[in-house]
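# Descriptive analysis of the structure
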Amino acid sequence: MQSLIKTQWLRLRGEIERGDSKGHRYEGLDILRGVAALAVLFKHFHSRLDLPYLAPNGYLAVDFFFVLSGFVIANAYGKQLEDGTLSTGTFFWKRWIRLMPLIVVGMMISVIAQLGRPDPDQTRHLSDVAIALIFGLSLMPILQTSFFKTPTLEQSIFPLNTPMWSLFFEVFANIAFAVYIRLRLPPWSVFVIVVVSGLWLLIGISSRGDVNFGFNTSGFWFGFPRVIWSFSIGMLIYRYRSFAPRNMFFPAMVVLVAILLTPTLGLSRVAADMIVVMIVMPAIVFACLNADLGSRARLCATWGGNLSYPLYALHYPIVQVLGYVAKAQNLPWIMQAGVVIGGTAFLVGLSAVVYTMVDVPLRRRISMLVRRA
């Protein structure tokens, strides 16, 4: 038995460390990707438990992800789309294959969690779950209007798995990116997009009191400038990547951790979020482009880069269940902290298993079928 467990662990570890990515890896960004995914996880534990000082600013990790996405997509696909070696249709297929397997797994976990939850109106609850599942698998938001809503579920635009809201905006940004490249607009046009979306975003932060919007109906439309601004800045970072500094990874990581995991000190929430989203997050990504890591740090980068998306896509329904049980049992804060530690370990392990045994094999299989078609 011990030998079998060791064999499976070595297989799991080898698959994660080998990964499924080709070409140059920005290892500093991969480490920070993992840090940001953990911050989102802790933020959702924060919202479910009586732990007010646990990652209070974890929602800002989404803005880091959006900047990073603009850089990564421009790096991986910009030149190919521009010179025609990659068609727009193929680009969309590649992005669909990258995102959908884990979206499906996350939705299935959410359905199981909801079917185990009692509700006074069980018939309506099952109907809401079915509607949310169909919309979720189609990556279409439910705007919770008086004519169409899912009242027995969480009131977000993706009621089964709320973090999918950012994946919806990620897909929007990917489509807009491909259109932008295909239109062959002049280089200065991205600056116009940055200015317009930046002003729109500042209006959103000012009017709503922070940048934590896009996931529910009331702040849905401000989700567009949130992703457009950060994604466009990521594109600019790629354009000027040759100017990136060296030996700035560690201070950048400290700043990111401090922002995500500690309370805002002194500044108002509006001012703090404006500064972080408009200045600090782009600066962190830019500062980490030339990270020079040792062997152990590179190993952490591989794990962080490969498991960040599975952790992000899968964690929410399990956090919901753990939070519900912990609150129902009236656990003291020290035991709730234990729930966070144990839950985090479980979710990282689950992410590793799903990544190696479901996500990577399924993406390889679908890619092979698409190439043959």
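A few words now on the nonpolar core. Residues Leu60, Phe64, Ile103, Phe177 and Met281 are the most contacted members of the largest nonpolar core, which totals 104 residues. Among the elements that make up this core, the one with the highest residue count is helix α3 (residues 61-83) (twelve residues). Each residue touching Leu60, except ones within four places of it in the same chain, is listed here: Val211, Ile259, Leu260, Asp273, Val276, Val277 and Met281.

What follows concerns the pattern of salt bridges. A full pass over the atoms with the stated rule returns ten salt bridges. For Lys327, the salt bridge is made with Asp50, and the minimal N-O distance between the two is 2.8 Å. Here Asp50 lies in the loop between α2 (27-48) and α3 and Lys327 lies in helix α11 (residues 295-328), a separation of 277 residues in the sequence. A relative accessible area of 40% places Lys327 in the partly exposed class. Salt bridges here are not isolated pairs; linked through shared partners, they connect Arg98, Asp359 and Arg363.

Moving on to the side chain of Ser110. Counting through the fold element by element, Ser110 comes out in helix α4 (residues 88-115). Separated by 2.9 Å, the side chain of Ser110 and the backbone oxygen of Gly106 make a polar contact. Ignoring anything within four residues of it in the chain, the contact list for Ser110 reads Leu160, Asn161 and Pro317.

Definitions and limits used
Residues numbered from 1 in each chain as written. Predicted model: local features only at pLDDT ≥ 70, side-chain atom pairs only at ≥ 80, totals over all residues. Heavy atoms only, no water. Core = buried A, V, L, I, M, F, W, Y, C linked by side-chain atoms within 4.5 Å. Buried < 20%, exposed > 50% of the residue type's maximum accessible area, 1.4 Å probe, protein only. Helix = DSSP H or I, 4+ residues; strand = E, 2+ residues; numbered from the N terminus. Contact = heavy atoms within 4.5 Å. Salt bridge = Lys/Arg side-chain N within 4 Å of Asp/Glu carboxyl O. Polar contact = N/O pair within 3.5 Å; in protein donor to acceptor, adjacent residues only side chain to side chain.

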